[in-house]
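One-letter residues, chain by chain:
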Amino acid sequence: MKRWLAVTLLYLVFAGLIALFIWLVWPTLRDQTNNFINSAPEVVEDLSDQVQDKTEDGGVVSSVLPKSIDLETRMSEYAQKAAAWASTYLTNIISVISRAVVLIGVVPVILFFMLKDGRKLEDSLLYLVPRKYKAEGRAALSEIDEALGSFIVSRVVLNIILGALMYVGFLFIGLPYALLLVLISVVLNFIPYIGAIISAIPILVVAFMESPMMALWSLLIILAAQQIQDHILTPIIFGKTMAIHPVTIIVLLLLGGDLAGVLGMLLIIPAYIVVKILLTHIYKLFFQEKVEEIVE
Amino acid sequence: MPHAKFFRIILSVIFVLLAIFLLFLDRFMFAPIVRMFEILILPISLSGFLYYLLRPIVGFFT
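Since this is a predicted model, take the numbers as computed values, not measurements.

### So, the overall build of chain B
Now for step 1: For chain B, the count of helices and strands is two helices and zero strands.
Now for step 2: Each of the 62 residues in chain B was classed as buried or not, and the buried ones make up 13%.
Now for step 3: Only carbon and sulfur atoms are counted for the fraction: they give 82% of the accessible area of chain B, which is about 5,100 Å².

Below you can see the structure in the form of structure tokens.
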């Protein structure tokens, strides 16, 4: 089959999947989102009551929380700050919508040509490399291509499995807004380590609003899913290829977050993979022999 | 001349440092490039992400 035909067919399949998503999943997701937004003040109030009860009953929670906690005031302060932040950003709503529309319009076009002419991009990049180093350049590009491909596909597969595990668990314990919370969690889990912690916060808040027992069960489900991901799925899917030390990942995430926020945190690991492969090849090509000579 | 290589290296280092100094001094010169980067980074990275995700399927079809 011709490549352009394959890409067009894929687009049609993709359009079908989006239609199926809109038909099957979207109504539930929309209702959950609307309900969540509408019941946000009640969530704060319920949470405040729950914490108040637990503080007054002299249990374990009361020993952890400070006596003088005024959660409602604190929560309303945070809500005001969040509203101010939202209004600052939403005043520019036309710009946001236009950017989203441009993104929705532009990405499929770029993607179409990337999928159709993937190899041509590699050739045009190799034009910049002197003839003497073309073979090495091609090897580096192939390595980058393979590493990025396996990294992205593995992460997506891992996060989908993690999301499915959590969703089944949350349905089992009857957690409200399960689909919405799991979707947020799946997106945030693309950020290693930190994403799992950030995504657990809204889940635990909603669960705690229902009952402390529900929060405990939710925490257990999150921990169990994370452990299955880390100790069973990751070694199978990732293997030992592109193993990055946890300390390196944390340093990279701090840098990425500081440079470009959440987007920076999402992009910093693939960028590190590219830079690492390029530097390794440059070192082998230009410096390895000289360094070995000096050492000997 | 034994010192020629040494002076060449020193001169290169000075020029590199000067280039870095000028880069920080004249930031406005790079503002359009930075802006262009900011505009392109999201669609390009999103396309790249989807490209690696869908490439195996395209490979399967072809």
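### Observations concerning helix H10 (residues 194-210) of chain A
Now for step 1: Look at H10(A): 25 Å from first C-alpha to last across 17 residues, which is about the 24 Å you get at 1.5 Å a residue.
Now for step 2: Considered for burial, the residues of H10(A) that qualify are A:Gly195, A:Ala196, A:Ser199, A:Ala200, A:Ile203, A:Val206, A:Ala207, A:Phe208 and A:Met209.

### Remarks on the pattern of salt bridges
Residue and element names in this part refer to chain A.
Now for step 1: Evaluation of the coordinates by the stated rule reveals seven salt bridges over all chains.
Now for step 2: For Arg-30, the salt bridge goes to Asp-31, with nearest N and O atoms at 3.7 Å.
Now for step 3: Residues Lys-116 and Asp-117 are paired through a salt bridge, measuring 3.2 Å at the closest nitrogen-oxygen approach.
Now for step 4: The exposure class of Lys-116 is partly exposed, given its relative accessible area of 28%.
Now for step 5: You can call Asp-117 partly exposed: its relative accessible area is 22%.
Now for step 6: Sharing partners across several salt bridges, the network here consists of Lys-116, Asp-117 and Lys-120.

### Section: the packing of aromatic side chains
Now for step 1: All told, the structure shown has eight aromatic pairs over all chains when counted by the stated rule.
Now for step 2: Between the aromatic rings of A:Phe190 and B:Phe49, the centroid separation amounts to 5.9 Å while the plane-to-plane angle is 85 degrees, which identifies the pairing as edge-to-face. A residue pair is termed interchain when its members come from two chains, as with A:Phe190 in the loop between helix H9 (178-188) and H10 and B:Phe49 in helix H2 (residues 27-61).
Now for step 3: We classify A:Phe190 as partly exposed; its relative accessible area is 22%.

### Observations concerning the interface of chain A and chain B
Now for step 1: At the interface, 25 residues of chain A touch 19 residues of chain B.
Now for step 2: Buried area between chain A and chain B, summed over both chains or domains, comes out near 2,200 Å², and the portion from carbon and sulfur atoms is 81%.
Now for step 3: Scanning the region where chain A abuts chain B turns up one salt bridge.
Now for step 4: One salt bridge connects B:Arg55 with A:Asp145, and the closest N-O pair in it is separated by 2.6 Å.
Now for step 5: Where chain A touches chain B, the interface holds two residue pairs in polar contact (both at pLDDT 80 or more).
Now for step 6: Among the secondary structure elements, those contributing two or more residues to the side of chain A that touches chain B are helix H1 (3-24), helix H6 (93-116), helix H8 (134-173) and helix H12 (246-295) of chain A.
Now for step 7: No other element matches the seven residues that H6(A) contributes to the side of chain A that touches chain B.

### As for the UniProt feature "transmembrane region" (unreviewed entry) in chain B
All names here are of chain B.
Now for step 1: Under the feature "transmembrane region" (unreviewed entry), the UniProt entry names residues 6-25 and 37-54.
Now for step 2: The span residues 6-25 is 100% helix and 0% strand, and its two end C-alpha atoms sit 28 Å from each other.
Now for step 3: The span residues 37-54 carries 100% helix and 0% strand; its end-to-end C-alpha distance comes to 25 Å.

### A word on unusual backbone geometry
Residues and elements named next belong to chain A.
Now for step 1: One non-glycine residue, Tyr-177, adopts positive backbone phi at about 55 degrees.
Now for step 2: Residue position: Tyr-177 is located in the loop between H8 and H9.
Now for step 3: Accessibility expressed as a relative area gives 14% for Tyr-177, which makes it buried.

### Observations regarding the nonpolar core
Now for step 1: One finds A:Leu111, A:Leu115, A:Leu253, A:Ile269, A:Ile273 and B:Val58 to be the most contacted residues of the largest nonpolar core, which totals 27 residues.
Now for step 2: Contributions of two or more residues to this core are made by H1, H6, H8 and H12 of chain A together with H2 of chain B.
Now for step 3: Here this core gets eight residues from one element, more than from any other, and that element is H12(A).
Now for step 4: Excluding its chain neighbours within four sequence positions, the residues that come into contact with B:Val58 are A:Arg3, A:Ala6, A:Val7, A:Leu10 and A:Leu115.
Now for step 5: Membership of the second largest hydrophobic core comes to 20 residues, among which are A:Leu175, A:Phe208, A:Met209 and A:Ala215.

### Some words on a negative patch on the surface
All names here are of chain A.
Now for step 1: Together, Glu-289, Glu-292, Glu-293 and Glu-296 line one region of the surface with negative charge.
Now for step 2: Tracing the sequence through the fold places Glu-289 in helix H12.
Now for step 3: Given a relative accessible area of 63%, Glu-289 falls into the exposed group.

### Description of the packing of H1(A) against H2(B)
Helix packing for two helices is described by the angle between their axes and how far apart those axes are.
Now for step 1: Between H1(A) and H2(B), the least distance of the axes is 9 Å, while the angle of their chain directions is 120 degrees. Classified by the interaxial angle, the pair formed by H1(A) and H2(B) is oblique. Relative to H2(B), the crossing made by H1(A) is right-handed. Here H1(A) contributes A:Arg3, A:Ala6, A:Val7, A:Leu9, A:Leu10 and A:Phe14 to the contact with H2(B), which in turn contributes B:Leu54, B:Arg55, B:Ile57, B:Val58 and B:Phe61.
Now for step 2: Looking at the contact of H1(A) with H2(B) residue by residue, the class counts come to nine nonpolar, no polar and two charged.

How each quantity is defined
Residues numbered from 1 in each chain as written. Chains lettered and ligands numbered in written order. Predicted model: local features only at pLDDT ≥ 70, side-chain atom pairs only at ≥ 80, totals over all residues. Heavy atoms only, no water. Helix = DSSP H or I, 4+ residues; strand = E, 2+ residues; numbered from the N terminus. Buried < 20%, exposed > 50% of the residue type's maximum accessible area, 1.4 Å probe, protein only. Areas by Shrake-Rupley, 256 points an atom, 1.4 Å probe, with all protein chains shown as cover. Expected span 1.5 Å × (residues − 1). Salt bridge = Lys/Arg side-chain N within 4 Å of Asp/Glu carboxyl O. Phe/Tyr/Trp six-rings, centres within 6.5 Å; stacked < 30°, edge-to-face > 60°. Contact = heavy atoms within 4.5 Å. Buried area = accessible area lost by both parts, 1.4 Å probe. Polar contact = N/O pair within 3.5 Å; in protein donor to acceptor, adjacent residues only side chain to side chain. UniProt positions renumbered as here; feature names shortened; annotations may be inferred. Core = buried A, V, L, I, M, F, W, Y, C linked by side-chain atoms within 4.5 Å. Patch = residues over 30% accessible without salt bridge, like charges linked within 9 Å, V, L, I, M, F, W, Y side chains within 5 Å. Lys, Arg positive; Asp, Glu negative; His and termini not counted. Charge placed at Lys NZ, Arg CZ, Asp CG, Glu CD. Axes fitted to C-alpha atoms, helices over the stretch in contact; angles between N-to-C directions. Parallel < 35°, antiparallel > 145°, perpendicular 65-115°, else oblique. Left-handed = near helix turned anticlockwise from the far one by under 90°. Nonpolar A, V, L, I, M, F, W, Y, C, P; charged D, E, K, R; others polar.

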